[in-house]
Amino acid sequence: MESQQVLRLSGVEDGHRIESRILEERIQKAVESGHRNLEIEAFGQHGIGGRLWKAGSDRIHVKITGSPGQRVGSMGFPNTLIEVIGPASDDVGWLNAGAEIVVRGNATNGMANAMAQGKVFVAGNIGARGMTMTKRNPRFDPPELWVLGSAGDYFAEFMAGGIAVICGYAPQDPENVLGYRPCVGMVGGRIYFRGPHKGYSRIDAKLVPLLDQDWEWLTENLENYLKAIGKTELFGLLANRDEWQLLEARGPHEKKSKSRRAMSAFHGEVWDAELGKGGLIGDLVSFDRDPIPLITNGFLRRYVPVWENRKYAAPCETSCPTGMPVHERWRLIREGRVDEAVDLALAYTPFPAAVCGYLCPNLCMQGCTRQNAKMLPVDVTQLGKASITAKVPELPELTGKRVAVIGGGPAGISIAWQLRRKGYEAVIYDMQGELGGKLSALIPKTRIPDEVVEAELDRVKKTIPHVNLMQRLERPDVEQLKEEFDIVVVAAGCHKPRVLPIPGKEKLIPALVFLRESKAGRGQVGKKVVVIGAGNVGCDAATEAYRLGAEEVLLVDIQEPLSFGKERKHAEAAGAKFRWPCFSRAVTDEGLELTTGEVIPADTVIISVGDIPDLDFLPESVEIERGFIKVDEDYRTSDSKIFAVGDAVKLGLLTDAIGAGRKAAEKIDAILSGRGEASGKPREKIDYNRVKLEYFDPRLTGFEGIQSCASHCSSCGTCRDCGICATVCPQGAISRQEAANTDGFEMVVDEEKCIGCGFCAGACPCGVWNLVENEPFD
C-alpha cells in the first residue's frame, strides 16, 4: 500500500475520542468517494471495517492501528481485507459475509460468531465461544477460522458449518488447545487441531482419520495463512501430519439419545393402572380418560379465534373530533363507490371540503396506524378536496319541533345541520352580515380558496334556509326564543379580543379585527409589523401582513410559541420570524417596548393573545365559569332548555366545534323524540398491535390520487374481505358466508377443524381476528 494512496482516519479529534457511529460514517463516506486503502487509528471504536458494500467489486484494504473495540469486520463484505496491527477485542468477524480479517495478536471472546463466509486469521490465542453458530451456504466456500495458538472455552458451540484450524503453537494452556467443553451442540463443519485436548462433546462430534485430501488442503492453506500473519518460518514446524487431528460433526442418525417409552406403553403401564378402572379415580368419574391429542380441536382447544369485525373503532375515527369513520370512506372508494364516500362525510360535517381538505390539522392522519411503522399516513386531504362535489343530502319531513341556534359559525352551522338531518327545523341567528363565522370572515384566502368556502356555504344554505343575519340578541330576546322554540343552542363563538393593560394599548390592532378587515379587502399594514402572541391566529395575521405589503414581520411571545400545523408553515414560508421570551411594557410611536427597555421597531403592532366570548346576552339561568359557558358532557347548560357548543364553551379547532355540534344534536334529538338518552356509545379504539402493516410498501413517499390512498388504508378493525385468513388456515377451518349485516358476509370458523393455532389473527391485516382462551368445561 503506497503512502500517497492511503487515507488516514483517526478515532480522536481535538483531543476527544469520537463516537463509533461518527467514525463509521466517515469510513463509509471515504469508500463512497472512491478511497480503497484506509488506515484507521482506533481508540476503542466498534465495528471498524464492516459493511463496506459501496465499493462494489473493488478490493478494499483497511489497516487498523491502536486499540479497536468490539466487532471488527462485523458483517464484512467480500473483497474487503482488514488487518489489525495488534490484539483485538470481542466478536471479531461477527456475521462475517466474506471479508478476510487478519489479527496480528491475540483476540478475545466470540471470535467469528455466526460467520457465514470469509476468513479470519489470528496470530495468537482466542477467548471463549469462538466459531459459535457459524453456518455455510453451499453456493459459496465455507467460512474459515485459523488460530496460531489455542481456543478458549466452549469453542465451536452450535457450529453448523465452516472450517476451524487450531495450530497449537505457544497455546495459552499447553495441555489443552481446545478449551473446556468444545463442540457442544455442533451440527456441521470440521475442526483441524494440533496438540493435546481434554475432551469434547462426543454426542455432537467425533474424531475422524486425516485423509490424504484433508492433509493436502491443510498444508496448502496453512502456507497461505502463515504468509498472511507474517509467520512463514513456522511452516516446517507445523507441517507434521502426525501431530494433527480432525473433528467433525456427527450426523443426526449418529447422535446418542436415551430410549423413550412409547405412548401406547405409557397408556397401558401407567395411565390405565393409575387412573383406569380399579385405579385412584377410575370408579368415581365417567368422562373420557383417553390421552388428549398433541394437536387439539373442538372444545379441547385452549384458544379459539373470534372474528371481531367492527367491534373496535379505527384510530383515524377516534382521533377525529367529529367521529368521522375515515376508513369507511376509503372502503367505499376501493369498491368504486366514490360518490357514496363523498356523501358519507355529510353525516358528520357540513364542511367536508373546507375543513378536511384545507383547514384541519388532520388528527386522523396523526393517529393513522401506518405512522407506527414510520409509513406515510393515508392522505385524507385528497379525499377532503374531492368532497367539494358533495350534494345536498336527502332530508326527512319536518317533525314540527323547532330549535333556535345563536351563532352562524362552524359550531352553530354544525348543530343546525345535524338537527335538520334528523327532521327538526333549525333557525340560525347571527350578528354578522355573512354566514360562516371565522370560516368566511377571518381565515386568510391563502389557506383556503374563496370558491371552496362559497360552495360549502351554498350547500348549507340549501339545507338550512332559515338564517337571520345582522341579529344582535339581548337577554330579553333569548328569553323570547326559549318561549318560541323547543330548544335554544348558543354557539356564539369568541369575538372579544384580550388586550394587554399597557401604555399605548389603543395603538394595538386585535388580530380578529385585522383578519376580518383583511378578508374584506380593507386591511392595511406598515412595512414593519410586530405580532404579540405567536399562536395559530397570530401566524394567520403574520401571513396576511406579508400579503398586504409588509416587509418584516416578527412574532413575539412570553413562551415558546404554541403554533403548529399549516398556520405555522404558511407564516414561516412567508418570511415571519419568531422570538421568545418577550414581555411587553408599552406600545410607542417607534414600536413595541419590552420590559428590558429594548424597543422593537414597528409601524403596526397586532395583538393575538386570545379571545373570550361576549355572553352578556345570556339569561341569568345559564352558569358561566371563568368567562365561558359551563356545560355537562352532553353540552347542556344549567338551563335545561339551553345547550351551548363551540368556542363559547371551550376554545379549540374547527373540528372540535363541528364535533361538539354533532354530539349535542344527538342529545337534543333524544330529548325531542322522547328517547331521553342519545343512541349508541363510542367504540373503543383498536389496539395498534393487532393491525399488520407488512402488506404495505414502506418506501412509499406519496399518493397519486384517492384510489392510491384507498388501497393503502389498512382498514383497522373492519374486514377488507381479503380472504387471507382462509388462505393461511392450515386446517381449512375458515370460510366466508353470506350474512344479513352491514358487510353482507361473515367469516365463520368450523370448530371441528380449527386447532386454535392463531394463524388467522397473526396474518389479518385489519386486526379483526382475536385469539381468546376457550371456555372451561366440566
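Residues numbered from 1 in each chain as written. Predicted model: local features only at pLDDT ≥ 70, side-chain atom pairs only at ≥ 80, totals over all residues. Heavy atoms only, no water.

A.B. asks: It is not clear to me how the packing of aromatic side chains should be interpreted in this structure. Could you clarify?
C.D. replies: For any pair of aromatic rings, the description consists of the separation of the ring centres together with the inter-plane angle of the planes. For the coordinates displayed, the defined rule picks out seven aromatic pairs. Each ring, one from Tyr-154 and one from Tyr-180, has its centre 5.6 Å from the other, and the planes form 90°; the classification is edge-to-face. Taken as a pair, Tyr-154 in the loop between strand 9 (144–147) and strand 10 (160–166) and Tyr-180 in the loop between strand 10 and strand 11 (188–194) lie far apart in primary sequence, 26 residues in all. By relative accessible area, Tyr-154 is classed as partly exposed at 22%. Classification of Tyr-180 by relative accessible area gives partly exposed; the value is 49%. For the pair Tyr-192 and Trp-217, a centre-to-centre distance of 5.4 Å together with 20° between the ring planes defines the contact as stacked. (Phe/Tyr/Trp six-rings, centres within 6.5 Å; stacked < 30°, edge-to-face > 60°. Helix = DSSP H or I, 4+ residues; strand = E, 2+ residues; numbered from the N terminus. Buried < 20%, exposed > 50% of the residue type's maximum accessible area, 1.4 Å probe, protein only.)

A.B. asks: What is the right way to look at helix 18 (residues 654–672) in this model?
C.D. replies: Helical periodicity: at 3.6 residues per turn, an α-helix aligns residues three or four positions apart in one direction. With 19 residues, helix 18 should reach 27 Å at 1.5 Å per residue; the first-to-last C-alpha distance of 27 Å fits that figure. Where burial is concerned, most of helix 18 is hidden: 15 out of the 19 residues are buried. Of the residues flanking the end of helix 18, it is Gly-674, one or two places downstream, whose phi is positive at about 90°. (Expected span 1.5 Å × (residues − 1).)

A.B. asks: Got a minute to help me understand the environment of Pro-613 in this structure?
C.D. replies: Mapped onto the elements of the fold, Pro-613 is located in the loop between strand 28 (611–612) and strand 29 (624–625). Classification of Pro-613 as buried rests on a relative accessible area of 6%. Sequence separation between Pro-613 and Glu-684 is 71 residues, and the spatial gap between their C-alpha atoms is 34 Å.

A.B. asks: Looking at this structure, how should I read the pairing of strand 33 (residues 745–749)?
C.D. replies: Two faces, one strand: in a regular strand the side chains alternate between the faces of the sheet. Alignment of strand 32 (residues 734–738) against strand 33, held across five bridges, turns out to be antiparallel. Residue pairing across strands places Ser-735 opposite Val-748, the latter belonging to strand 33. Where strand 32 folds back on strand 33, the antiparallel hairpin that results is connected by six residues, among which Gly-744 adopts a positive phi of roughly 80°. (Pairing = 2+ DSSP bridges.)

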